[in-house]
Every structure is written in C-alpha cells, then in structure tokens.
Amino acid sequence: MNLKKFTAMTMRTRIFLSITMMVLLSLLILFGIGGFSVSLFKDEFMNAIEQNAQLSENMFEVQNILIEMQDNPVSFEALSQQLSQFDFELYVSDVNLQSRYSNVKHSEWECIEELEKTEISSDKVILYSMENVSIARCQVIVDNQTYNAYATYYPGDFSFWGMDRGMFEMFLIVFSVTGILAIAALMICSQIFTKLLIDRIMKPVRELNRAARRIKEGDFDEAILYEEEDEFGEVCQTFNSMQKNLKAELEKSEAYEKSRTEMISGISHDLRTPLTSIKASIKGILDGVASSPDKQQQYLTIAYRKANDMEGLLKKLFFISKLETGNMPFFRKEIDLGDWLQKYIDEKRHENDQLAINLEKDDWSYKVMIDPEQMKRVFDNLLENSIKYASVEALIITVSLKREADKIIIRFSDNGLGLEEKKLQHVFEQFYRGDESRNTKKEGSGLGLYVCKYIVEQHGGVIMAENNDGFTVNIELPENLGREESKWQEF
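Bear in mind the structure is a predicted one, so any value in this text is a computation, not a measurement.

Colleague: So, the pattern of salt bridges: which residues are in play, and what are the values?
Modeller: Going through the model one piece at a time under the given rule, you end up with 14 salt bridges. Each of Lys 348, Glu 351, Lys 376 and Asp 380 takes part in one network of salt bridges that share partners.

This is the structure:
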C-alpha cells in the first residue's frame, strides 16, 4: 500500500486499519516475548537434564540400598538417614496410597504423585528421571506390611533465577512474566497508535477552530488548507464554501444597506420636486396670485399633475418593495408573443396618436410562457424611458422579434441620442439615472429599467442595453418548445 492511497482513505477506514495494526503489532510483540521466555525456560530445563545425567553413580548406590532394604527391612528413619548420605529424600506410602513417611519437597512430590498412578513391581527397584527429579522406586515389607518406597533427588544447585522451582512453578513464573511484559507492550503500542490517530484527527479540527475564530473576528478571506480526501476533507470544503457564502451574503447585505440609504435619499429628492410645485401652486391660490378663474385652474392643474407624479413614484416604490421582499406574484401562461406585442402597440397608438411605434416580425409563431401583466410593465417602462430621454423632436420607436436557437429576442430601439458607453452597464441598477446629480429637468426615478431587469430575469431571460443608432434594449426569453413543468402558477 503506497502512501498516496493511504492518505486517500476515509477516516473510518484509517481508524479501522490503525486499530488493526495496533492489535497485530501487539500480538507480534507478545509472540516475541513469549518465544524469548520459552527459549530461556528451555535452556534452564536442558541444563537441569544435564545435571541429572551426572547422578548415575549415586542412583546405583541408592538402588543397592533399596535392594538391601527389601532383604533386610529397617525403620523408615534409618532408611532415610542412609539415603541422606547421597542427598536423597524418602517418601513411603501404604497399599492404599496413604502417606506413612515423607521428607520430600514439593517438586519431588509432584513426580511421586504421577508414579503412584502406575503399578509397581514387587521385587525390582525401578529408576526414573522426571522433570529434573531422580527417583528410585520399589516395594518393601516392614512388620508384615507392604509399602511403596520412593527415594528422590532434586539437584540443589538447579534454580530458576536463584530459586528452586518445580517445572509447573517455573511455567507459572514464565507465563506471569510474559503476561506482564505483553501488557506493557500492548499499552505502549496502543498509546503510540492512539497518539498518531489523535494527531491525525485533531489537525483538521484545529484548522476548523482557527477558521471559526477568524470568521468571528470578521476575516472571511483565508480558506482552510486541508487537502486529504476523507470525511474531514469534505467538512473543510463545506466550511470553505460556507465561508464564501457568508462573505457573499455580507457583501450583499452591505450593498443592500447602501441601496436602502440611496433609496431614501432618492425618494427624498424625487418627492421634493413635485411636492414643491404643489405647495407653490396652492400658495399662489391662497395668496391671490392666481386671481382669475383661468389662472386658478392652471395652478390646480399643475398641482394635480404633480400629485399624480408623486402617486406614480410611490406605486413604483411599492412595487420595488414587493420585488425586494419576494412577494411579487407571477402568473404566467402560454401566449404568442408576436400577437401580444401587436395588440400592445395598437393600444399605445390609440392612447397617443402622435406616437410613432412599429413592430417588425415575420410570420413565425413565437410561443412563450410569460406573465402578460408583468411583461406589459416592462414595455411601459421602456416606452416611458424613451419618451423622457431620447431628446429628439420626432421620436420613432421600433420593436422587432426574431428567433435564435431556442430563444426569442426582442429588440426595443429608439432614434434618440443614446447614452455614454461608460453608463450603459449601470442603466439597470436601482435608482440610477444618467444625470448622477439628479438635477436634470427631465423627471425620472431611476427605477424603471431596474424593474425591467428584475421581471425579465424572473422569466428566465436576459436584458441588455446598447447604443445602435439610438438607445436599444435587447431582451432574450426562452422559447416555449413544450409544456415544461414550471415553478410559477399557470392559468
């Protein structure tokens, strides 16, 4: 397994492998310590066997003493004294295997206990070597009673780390020492792997903590640099995306706050002009300046027209408020845009027979899904904008339709003076007017084209402005090639 593949693992897989490696390494350490202990035990055991091999002459002497005991019985104490000359101990049991005499040690007794499970010859002295213990075994008759006699020898210089032990006791010590060492090795191994795993996990956690503190302090620019392809990598990427979104929302909020400030300023300015005219007209009537009925009628007409202008501005502001809060409903239905525009232009001509407005289109069917009332607002605003700002004596407006791929393009053009190129990119901004000082004599709120942009985009379209022998607005709407599912209510 190469390093690149390992780093690409998920955190769950990495934890599983780390624990597996920890257990495996611990078992290998346990196996190594156990092997060393067994090797040490084996060496001690073989040394003991070699020492027993040197007792063969004493064993024969002891064998002779036991043979003589069979022929000429003596007391067990006397027999024990004879055997002690050769460092042998004595154990005697009756035919029911009940102990009658014993001065043996625990190590010898374990061997005797095993031998008593087997039958014994009545006239022979049998020699044994078991677990470093030399044993001579026979039957003797004392006071007409048959006894089993065992002469045992355990080498006094044989020791395990300085202590005399039987084989079982030695095994217990080896097992205990090995267990203690294995536990210690497991603890050390687990601590090492746990530390490595914690460091691995805490690295992205620390990065996330630092990033959270940066955001708390208002720093949204520095991203988390964690490129591992695991769960934390996904969390860090999500955190970075969240940070970008927070920054964007903060900038949007700041821009919205700035827009609100400009809106209040714009409202104050745009309402001041008609309000001043209304006050002046009423003041002229009250002060007797307009003394004749015709003059009074003129002043009242001015006041009424300015009041209508204020009402129109407030309606636009109310409409903008609905747009900003998302409460503006859209009810769209399928229409033929060519027929709809022709009816719209005919209506405008009927309202103003001096208006030169033409529609250019071919015989194609331009099926679209739109909200007719909202789209009418778009063309009303475009028409109003051209009337106010074209600055020509004979205004001519041309509306043309054409199909391009799966889009329908509407071109709304006038023969006016157009707009400076540097100002074209701002015409759809809220409260923007070509005269930034807002001192132009041409009345306008700077909201009309902003409303157009919002409505067109809500229809899934795009709106752009350009200078082309006058001021031109291009609107691209998606063609209704089928009755697709719509998020808008249809009627």
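Following the structure, the description resumes.
Colleague: Let's hear about the nonpolar core: which residues, and what values?
Modeller: Core analysis: the largest hydrophobic core is formed by 52 residues, its most contacted members being Leu 337, Leu 341, Phe 379, Leu 382, Ile 410 and Ile 475. Looking at this core, the element that brings in the most residues is helix 12 (residues 448–458), giving seven residues. Ignoring anything within four residues of it in the chain, the contact list for Leu 382 reads Phe 412, Leu 449, Cys 452, Val 473 and Ile 475. Counting 22 residues, the second largest nonpolar core, distinct from the first, contains Met 69, Leu 90, Val 125 and Tyr 153.

Colleague: Provide a residue-level description of the packing of aromatic side chains, including the pertinent values.
Modeller: Taken as a whole, this structure holds eight aromatic pairs when the rule is applied. Summarising the aromatic geometry, the rings of Trp 340 and Tyr 344 are spaced 6.0 Å apart at their centres and angled 10° between planes, so their arrangement reads as stacked. Of this pair, Trp 340 and Tyr 344 are both found in helix 9 (residues 337–351), four residues apart, which corresponds to roughly one turn of the helix. For the residue pair Trp 340 and Tyr 344, the accessibility class agrees, reading buried in each case. Clustering of aromatic rings is evident, with ring pairs tying together Trp 340, Tyr 344, Phe 379 and Phe 412.

Colleague: Please set out the sheet that holds strand 2 (residues 99–102) residue by residue, giving values where relevant.
Modeller: Through backbone hydrogen bonds, the strands of a sheet pair up, either in parallel or in antiparallel fashion. Pairing within the open sheet is antiparallel, and its five strands lie in the order 2-1-5-4-3. The open sheet is flanked by strand 2 and strand 3 (126–130), the only strands paired with a single partner. With strand direction ignored, the average angle separating the axes of adjacent strands in the sheet is 20°. The pairing of strand 4 (residues 133–142) with strand 5 (residues 145–153) spans nine bridges and is antiparallel. By the bridge assignment for strand 5, Ile 135 is matched with Thr 152.

Colleague: Tell me about the environment of Asp 94, and please be specific about residues and values.
Modeller: Take Asp 94: it is sitting in strand 1 (residues 89–94). Separated by 54 residues in the primary sequence, Asp 94 and Asn 148 place their C-alpha atoms 6.1 Å from one another. Every residue in contact with Asp 94, bar those within four places of it in the chain, is listed here: Arg 100, Thr 146, Tyr 147 and Asn 148. Separated by 2.7 Å, the side chains of Asp 94 and Arg 100 make a polar contact.

Colleague: Just give me the short version of the sheet that holds strand 12 (residues 471–478), but keep the residues and values in it.
Modeller: Read across the open sheet, the five strands follow the order 7-9-10-12-11; overall the sheet is mixed. Edge positions in the open sheet fall to strand 7 (356–360) and strand 11 (462–467), since each of these has one partner strand only. If you compare each strand with its neighbour and ignore which way they point, the axes differ by 15° on average. Relative to strand 9 (residues 396–404), strand 7 is paired through five bridges, and the arrangement is parallel. Residue pairing across strands places Glu 360 opposite Ser 400, the latter belonging to strand 9.

Colleague: Can you break down the side chain of Glu 116 residue by residue, with the values?
Modeller: In this fold, Glu 116 is placed in the loop between helix 5 (106–115) and strand 3. Among buried Asp, Glu, Lys and Arg side chains, Glu 116 stands out as unpaired, with Arg 137 the closest opposite charge at 6.5 Å. A polar contact is formed between the side chain of Glu 116 and the side chain of Ser 93, at a distance of 2.6 Å. Setting aside anything within four residues of it in sequence, one finds Glu 116 in contact with Tyr 91, Ser 93, Leu 97, Arg 137 and Tyr 150.

How each quantity is defined
Residues numbered from 1 in each chain as written. Predicted model: local features only at pLDDT ≥ 70, side-chain atom pairs only at ≥ 80, totals over all residues. Heavy atoms only, no water. Salt bridge = Lys/Arg side-chain N within 4 Å of Asp/Glu carboxyl O. Core = buried A, V, L, I, M, F, W, Y, C linked by side-chain atoms within 4.5 Å. Buried < 20%, exposed > 50% of the residue type's maximum accessible area, 1.4 Å probe, protein only. Helix = DSSP H or I, 4+ residues; strand = E, 2+ residues; numbered from the N terminus. Contact = heavy atoms within 4.5 Å. Phe/Tyr/Trp six-rings, centres within 6.5 Å; stacked < 30°, edge-to-face > 60°. Pairing = 2+ DSSP bridges. Axes fitted to C-alpha atoms, helices over the stretch in contact; angles between N-to-C directions. Polar contact = N/O pair within 3.5 Å; in protein donor to acceptor, adjacent residues only side chain to side chain. Lys, Arg positive; Asp, Glu negative; His and termini not counted.

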